[in-house]
Amino acid sequence: MLRRRRGPQVPDGATITAPADRAAEAWRALRDTSFARTGRDGLAVLDPPLGRRGPAAVWPLGQILAAGADLDLVGIADPGEQAALAGLLERYRGVDRTDGYGPFPGDRTRFFDDNAWVGLWFVQRHRQTGDPAALTAAAEVATFVARGQTDDGGVRWVDEATSPRNTCSTAPFAALALHLLALTGDEAWRPLGERALRFLTTTLRAPDALYFDHVDPDGSIDRAPWSYNQGTPVGAQVRWHLTTGDPASLDAAVETAGNALAFLLDDDRLWHQPPAFNAIFFRNLLQLHVVVPQPAALSAMSEYLDRAWATARDPRTGLLRDGGIGSYEGSCIDQAGFVQLFALQALGPPQWSLVT
């Protein structure tokens, strides 16, 4: 592991108030606790809170990459470090370039939601840098995820016939397909994104405009209202509106954003959701804010982050996991979520339009 200093990493950490400085400090804590140098291949991302000695799963790695992209928007990313992290993805890739990424190197039990998140990161990377290779990679990943789309438009969670169709796989794929339509002009992506949105609306959208978690092959529905499953349909509806000009999709996004925010703020639910889920929720509401201002969302995000910095941050490690805050299995993905949010808080609508 990288060498760590003893005691509090930043003695006056509580006095750090600027979002960009908080983002940099949260990233340093992530680096110190989860990045490792190896003599064989240079860099690895580990997930020590879960007791893993090997590399982190591609799901947290994808969110760490997203955090790095957001840091780059702020102008505080280390290009060499980000390039090394991006290179780690190759260890998770299948034999064929359109064969997707496994959850761990050499593990071929592929998850479509994992791959959709990676595809969206490639899109943001292309939009920030103009890198044509990133756009090609996004299309390759989306081609794989499209294999998981069933006839009714839902996207399976895992590459198995008995898999449920989840909001966490269907909504990111819808957004990914529509981004590719806009960036490449390839009309083949339009019906894929449209079908995914239709499935979300007809099958997984509740009467209160919140979204359920998934539907099983037998038709039974898991109605859990996770925060990230409210954000991703908002982002997908915004993309559809920007693509087609359809006012109904924008109305649906606004309704879900408002109702979800009210639900999550009630009974302190937002605090107890995993920070990684909340990061996905807010980054999608920021995309909506670019089109229709969402002052309540900005206020809620600011209050959440101030509270987390004041009560959840461990001064010894810099990790934000105390104070009864929610967690995704104690994974490094939670810290990556906070890096994303602090970085995005340091930006504004011009940069939020680049976020995926």
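Residues numbered from 1 in each chain as written. Predicted model: local features only at pLDDT ≥ 70, side-chain atom pairs only at ≥ 80, totals over all residues. Heavy atoms only, no water.

Asker: Please explain the overall build of the protein chain as it appears in this structure.
Answerer: Along the protein chain, the regular secondary structure elements total 14 helices and 5 strands. Taking 2.2 N^0.38 as the reference for a compact globule, 356 residues should give roughly 21 Å; the C-alpha atoms of the protein chain span a radius of gyration of 19 Å, in line with that estimate. Here the C-alpha coordinates of the protein chain stretch approximately 55 × 45 × 40 Å along the principal axes. Residues counted as buried form 56% of the 356 residues belonging to the protein chain. (Helix = DSSP H or I, 4+ residues; strand = E, 2+ residues; numbered from the N terminus. Rg over C-alpha atoms; globule rule 2.2 N^0.38 Å. Buried < 20%, exposed > 50% of the residue type's maximum accessible area, 1.4 Å probe, protein only.)

Asker: It is not clear to me how the packing of helix α6 (residues 167-184) against helix α7 (residues 189-204) should be interpreted in this structure. Could you clarify?
Answerer: To characterise two packed helices, one gives the angle between the axes of the helices and the distance between these axes. Running from N to C, α6 and α7 cross one another at 150°; their axes reach a closest spacing of 8 Å. On the basis of their axis angle, the class for α6 and α7 is roughly antiparallel. Read as a crossing pair, α6 and α7 show a hand that is left-handed. Between α6 and α7, the residues in contact are T167, T170, A171, F173, A174, A177, L178, L180, L181 and T184 and W189, R190, L192, G193, A196, L197, F199, L200 and L204, respectively. When grouped by side-chain class, the residues that make up the contact of α6 with α7 number 14 nonpolar, 4 polar and 1 charged. (Axes fitted to C-alpha atoms, helices over the stretch in contact; angles between N-to-C directions. Parallel < 35°, antiparallel > 145°, perpendicular 65-115°, else oblique. Left-handed = near helix turned anticlockwise from the far one by under 90°. Contact = heavy atoms within 4.5 Å. Nonpolar A, V, L, I, M, F, W, Y, C, P; charged D, E, K, R; others polar.)

Asker: When you look at the environment of A276 in this model, what are you seeing that I'm missing?
Answerer: Inspection of the secondary structure assignment puts A276 in helix α11 (residues 275-291). Accessibility expressed as a relative area gives 2% for A276, which makes it buried. Residues A276 and F338, spaced 62 residues apart in sequence, show a C-alpha to C-alpha distance of 7.4 Å. Discounting chain neighbours no more than four positions away, the residues touching A276 are I333, D334 and G337.

Asker: What should I look at first to understand empty space enclosed by the protein in this one?
Answerer: A probe as big as a water molecule, rolled over the atoms, marks out the empty space that is left. Applying the stated criterion to the full structure yields 1 cavity of 30 Å³ or more. Taken together, 19 residues line the largest cavity, and the ones lying closest to its centre are Q63, W117, L120, R283 and T356. For the lining of the largest cavity, the secondary structure elements donating two or more residues are α2 (58-74), α4 (112-129), α6, α8 (228-244) and α11. A per-class count over the lining of the largest cavity returns 8 nonpolar, 9 polar and 2 charged. (1 Å grid on protein atoms, 1.4 Å probe; cavity = no way out; pocket = protein on both sides within 12 Å on 5 of 7 lines; lining within 4 Å. Points joined across faces, edges and corners; volume = space filled by probe spheres on them.)

Asker: How do you make sense of the packing of aromatic side chains when you look at a structure like this?
Answerer: Each aromatic ring pair is characterised by the separation of its centres together with the angle its planes make. Taken as a whole and judged by the stated rule, the model has 16 aromatic pairs. In textbook terms, an aromatic cluster arises when at least three aromatic residues are bridged by ring pairs, as seen for W271, F281, F282, Y304, W309, F338 and F342. The positively charged end of R223 is found above the aromatic ring belonging to F212, 4.8 Å away from the centroid. Its end group placed over the ring of F263, R269 keeps NZ or CZ at 4.0 Å from the ring centre. (Phe/Tyr/Trp six-rings, centres within 6.5 Å; stacked < 30°, edge-to-face > 60°. Lys NZ or Arg CZ within 6 Å of the ring centre and 35° of its normal.)

Asker: Hey, could you run me through the nonpolar core in this one?
Answerer: Soluble globular proteins: nonpolar side chains tend toward being buried together. Counting 107 residues, the largest nonpolar core has W27, I64, L85, L89, F122, F282 and Y304 as its most contacted members. Top contributing element to this core by residue count: α6, with 10 residues. The residues touching L85, leaving out its near neighbours within four places in the chain, are W27, F35, L43, V45, I64 and L65. (Core = buried A, V, L, I, M, F, W, Y, C linked by side-chain atoms within 4.5 Å.)

Asker: Quick question: what am I supposed to make of helix α12 (residues 295-312) here?
Answerer: For an α-helix, 3.6 residues make a turn, and residues three or four places apart therefore share a direction. The end-to-end C-alpha distance of α12, which contains 18 residues, comes to 25 Å, matching closely the 26 Å that a straight helix rising 1.5 Å per residue would cover. Every buried residue of α12 is listed here: A297, A300, M301, Y304, L305, A308, W309 and A312. Angular distribution of buried residues about the axis of α12 spans 160°; they occupy a single face of the element. For α12, exposure combined with an orientation more than 90 degrees from the buried face picks out P295, E303 and A310. (Expected span 1.5 Å × (residues − 1). Arc of directions from axis to C-beta.)

Asker: Looking at this structure, I do not really get the layout of surface pockets. What am I missing?
Answerer: Looking at the largest pocket, its volume works out to about 430 Å³. Taken together, 22 residues form the lining of the largest pocket, with W59, D113, D114, W157 and Y328 sitting closest to its centre. Residue assignment for the lining of the largest pocket shows that the elements contributing at least two residues are α2 and α4. Considered class by class, the residues forming the lining of the largest pocket number 13 nonpolar, 3 polar and 6 charged. Approximately 280 Å³ is the volume found for the second largest pocket. Lining the second largest pocket are 15 residues, and of these A69, D72, Q82, R125 and T129 lie nearest its centre. Elements with a contribution of two residues or more to the lining of the second largest pocket: α2, α3 (79-88) and α4. Classifying every residue of the lining of the second largest pocket gives 7 nonpolar, 4 polar and 4 charged.

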